[in-house]
Amino acid sequence: MSTPIQRTSPRQSVAVLTSARQRREGSRIGNTSARSTEHALLEIQSRAGNRAATAAVQRARDPAGGRAAESGSTSAPAKKKDYRDRLAGLLDRFKKNLEPIDTFIKGFQTPSNAGLTQQAAAAANEGLKHSAAASGTSAASGNLLTEAAGTVVSGMDAYKNMKDAKKYETGANHHTAKKKAKTKGADTVVGAAGSGSYSAAIAKEVTKMQKAADAAVASEASGIASASIGAIKGMRSAFRVGAAARKYKQVKSLGDPHLVHAGSLARLNESREQANWAAAEAYVALDAYWGHEGPGRLELVSEAVDAAWEAMGEARDAAESLQRAEKDVEMLSTVQGYAKKKQVAKMGKETIGGGGESTKAAAGVVTAVAAGTVGLASNPVGWGLAGAGAGLVLGVTMYKALRAATKRYEEVHHPERWAPKGETPEEAASRKESLKHALKFWKKVSKGERQAMAREIYALAAGPDISGSGNTTAEMRESARALLIALKSGPAKHKLEPEAWAETLNDPAKTAHWIKEIGEQLASG
């Protein structure tokens, strides 16, 4: 018997063919495997990197997860901005804590030192001269510390607002930031000059204490520096008075809203009377149809009822339109009066404060002349001028502080007084807690009369898409927008065409920006 032929299994054949192919193409297969391994590793790394990036973003967005910042996942610009804002806040708080001491120095210690210096010079009392010089050194040092801190804060605020003005090229945000950048920039320059003046005053007093030979030169330089910075501040106050006066005239030129809108109110009242007559006639017709006995009586009565109902609705709408217009006129009159009052108050404060600075400048001139002509002998005229200037500046400072404290007290003790419409006011604080809040001089008032008036002006000027402004008449809206232009918040200031400017007023997303802008313009000249 012959031996049977053994068949090769398909799997074995496939394995043999595969092995042969691998041997023939060994080098190519090796390269392909290497590339496959490399791609696999890259894919794993990519997926891991994506997961890590996603987790980092989620941790950064999580308010409670501060580990992202601690681990260095936060970007460098964000860290830099955060540190800058914190530093600015700390410096501002430091400056405001120094302000009460600075006020005492300017209002009491500095004039007293001038008087003691004059008395010591007249009596040739060396001990008193030394004591007055020591007190003057401490006073100028306190002034310098406050002025330097304020200069740094103003510089940082100016830089921040300059960036914001570039970021927001148009609109309310742009105008607010641009105006603040100019104001804070000027504050920085004036603060730097003031710091130089106080440095010269320290040098003057130190030379007096040491009885240095160049004490007269230092005294003359200090007087010139004091006169210069006083003149600068006086001129700045004069410019502010002029700006406030121009804004006052612009608002006053709008006229009394009761007179301006007398015609529109008369037309609305006439429409209301006509609607009432139409409703009365409809009810008379309804009564007549009720007594009709002919055919179609029910159909006629039904039509009469519909006519009477429609006429009554028109009469109600006309009455509501008139009532709303009358309230808007009263509110427009109130906000215009408030705007004028704010400008008058600003003119008064700047006039008195600027007068005080000018008087101090004159005292500096007298000091410089006395030092250059008769040595260090003090002059009663210089003493008197210094005291008068300090008194004026102190009066304005105390007035501002008292007003701010009163507003802070009302903010928490009577929160319902200036609460936004439709918003539940916060619970009123006790008298004790309110007094504590009033003494926090470093805090600004956020819910006061000015903010409430800004909301009212915006509600009158806003478009129909803004909640609560849909029923405002076209005439009333135009008058409110004219008030915005008078307050320097018009299209030109926002770098917008009138149509685009009106669209921003009708944009709910920009409501908060507009209210902030109006509040700033009410407070400034």
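Residues numbered from 1 in each chain as written. Predicted model: local features only at pLDDT ≥ 70, side-chain atom pairs only at ≥ 80, totals over all residues. Heavy atoms only, no water.

Chemist: Looking at this structure, how should I read the packing of helix H13 (residues 449-461) against helix H14 (residues 474-486)?
Modeler: For any two helices packed against each other, one specifies the crossing angle of their axes together with the interaxial distance. Running from amino to carboxyl end, H13 crosses H14 at an angle of 130°, the nearest separation of the two axes being 7 Å. Considering their axes alone, H13 and H14 lie oblique with respect to each other. For the pair H13 and H14, the contacting residues are Ile457, Leu460 and Ala461 in the first and Met476, Arg477, Ala480, Arg481, Leu483 and Leu484 in the second. Within the contact of H13 with H14, the residues separate by chemical class into seven nonpolar, no polar and two charged. (Axes fitted to C-alpha atoms, helices over the stretch in contact; angles between N-to-C directions. Helix = DSSP H or I, 4+ residues; strand = E, 2+ residues; numbered from the N terminus. Parallel < 35°, antiparallel > 145°, perpendicular 65-115°, else oblique. Contact = heavy atoms within 4.5 Å. Nonpolar A, V, L, I, M, F, W, Y, C, P; charged D, E, K, R; others polar.)

Chemist: Where do I start with the layout of surface pockets in this structure?
Modeler: Empty space among the atoms becomes visible once a probe the size of a water molecule is rolled across them. Within this model, the second largest pocket holds a volume of roughly 580 Å³. At six residues, the largest contribution of residues to the lining of the second largest pocket is made by H13. (1 Å grid on protein atoms, 1.4 Å probe; cavity = no way out; pocket = protein on both sides within 12 Å on 5 of 7 lines; lining within 4 Å. Points joined across faces, edges and corners; volume = space filled by probe spheres on them.)

Chemist: Before we go on, may I ask you to explain the nonpolar core in this structure?
Modeler: Buried together is how nonpolar side chains tend to be arranged in soluble globular proteins. Membership of the largest hydrophobic core comes to 30 residues, with the highest contact counts inside it found for Ile457, Leu484, Trp514, Ile518 and Leu522. Those elements that place two or more of their residues in this core are helix H10 (297-374), H13, H14, helix H15 (498-505) and helix H16 (511-523). In terms of residue count, the dominant contributor to this core is H10 (seven residues). Apart from the residues within four sequence positions on either side, Ile457 is in contact with Val335, Ala480, Leu483, Leu484, Leu487, Ile518 and Leu522. Ala275, Ala282, Ala311 and Ala315 belong to the second largest nonpolar core, which has seven residues in total. (Core = buried A, V, L, I, M, F, W, Y, C linked by side-chain atoms within 4.5 Å. Buried < 20%, exposed > 50% of the residue type's maximum accessible area, 1.4 Å probe, protein only.)

Chemist: Is there a simple way to think about a negative patch on the surface in this case?
Modeler: Taken together, the side chains of Glu299, Glu303, Asp306, Glu310, Glu314, Asp317 and Glu320 present a region of like negative charge at the surface. Examined against the element boundaries, Glu314 turns out to sit in helix H10. Taking relative accessible area as the criterion, Glu314 reaches 44% and is therefore assigned partly exposed. (Patch = residues over 30% accessible without salt bridge, like charges linked within 9 Å, V, L, I, M, F, W, Y side chains within 5 Å. Areas by Shrake-Rupley, 256 points an atom, 1.4 Å probe, with all protein chains shown as cover. Salt bridge = Lys/Arg side-chain N within 4 Å of Asp/Glu carboxyl O. Lys, Arg positive; Asp, Glu negative; His and termini not counted. Charge placed at Lys NZ, Arg CZ, Asp CG, Glu CD.)

Chemist: Where do I start with helix H12 (residues 431-438) in this structure?
Modeler: Where H12 is concerned, the buried positions are Ser434, His437 and Ala438. The buried residues of H12 occupy one face: seen down the axis, they fall within an arc of 100°. (Arc of directions from axis to C-beta.)

Chemist: Quick question: what am I supposed to make of the pattern of salt bridges here?
Modeler: Within this structure, the stated rule accounts for 10 salt bridges. With a closest N to O distance of 2.6 Å, Arg236 and Asp187 form a salt bridge. Of this pair, Arg236 sits in helix H7 (residues 215-252) while Asp187 sits in helix H6 (residues 171-210), and the two are 49 residues apart along the sequence. Among the charged side chains, a network of salt bridges with common partners joins Asp187, Arg236, Arg240 and Glu350.

Chemist: Sorry if this is basic, but what is going on with the packing of H14 against H15 here?
Modeler: Interaxial distance between H14 and H15 falls to 13 Å at its minimum, and their mutual angle equals 105°. Accordingly, the angle class assigned to the pair H14 and H15 is roughly perpendicular. Residues Arg481, Leu484 and Ile485 of H14 form the contact with H15, whose participating residues are Trp501, Ala502 and Leu505. Residue composition of the contact of H14 with H15, grouped by class: five nonpolar, no polar and one charged.

Chemist: Where do I start with the side chain of Thr146 in this structure?
Modeler: With respect to the helices and strands, the residue Thr146 is situated in helix H5 (residues 126-167). For Thr146, a relative accessible area of 7% translates into the label buried. Those residues within four positions of Thr146 in sequence are excluded, and the remaining contacts are Lys95, Leu98 and Asp102.

Chemist: Teacher, can you tell me more about H15 here?
Modeler: Residues separated by three or four positions in an α-helix point in the same direction, a consequence of the helix having 3.6 residues per turn. Where H15 is concerned, the buried positions are Trp501, Thr504 and Leu505. An end-on view of H15 places all buried positions within 105° of arc, on one side of the element. Seen from the open side of H15, the exposed residues pointing more than 90 degrees away from its buried face are Glu499 and Glu503. In this structure, the buried side of H15 is in contact with H13, H14 and H16.

Chemist: I would appreciate a short explanation of the confidence of the model for the protein in the present structure.
Modeler: Atomic detail in the predicted coordinates should be set aside for any region of low pLDDT. The predicted model of the protein averages 77 in pLDDT, with 72% of residues at 70 or higher. The secondary-structure element of the protein with the lowest mean pLDDT is helix H1 (residues 10-24), recorded at 37, while H14 shows the highest, at 95. Contacts of residues 1-74 to residues separated by more than four positions or lying in other chains number 11 contacts, the stretch itself having pLDDT below 50. (pLDDT = per-residue confidence, 0-100.)

Chemist: Looking at this model, I keep getting lost on the environment of Met347. Mind explaining?
Modeler: You can see Met347 is positioned in helix H10. Given the relative accessible area of 18%, Met347 is considered buried. Met347 sits 106 residues away from Val241 along the chain, and the two C-alpha atoms are 4.9 Å apart. Sequence-distant contacts of Met347, defined by excluding residues within four places in its chain, comprise Val241, Ala244, Ala245 and Tyr248.

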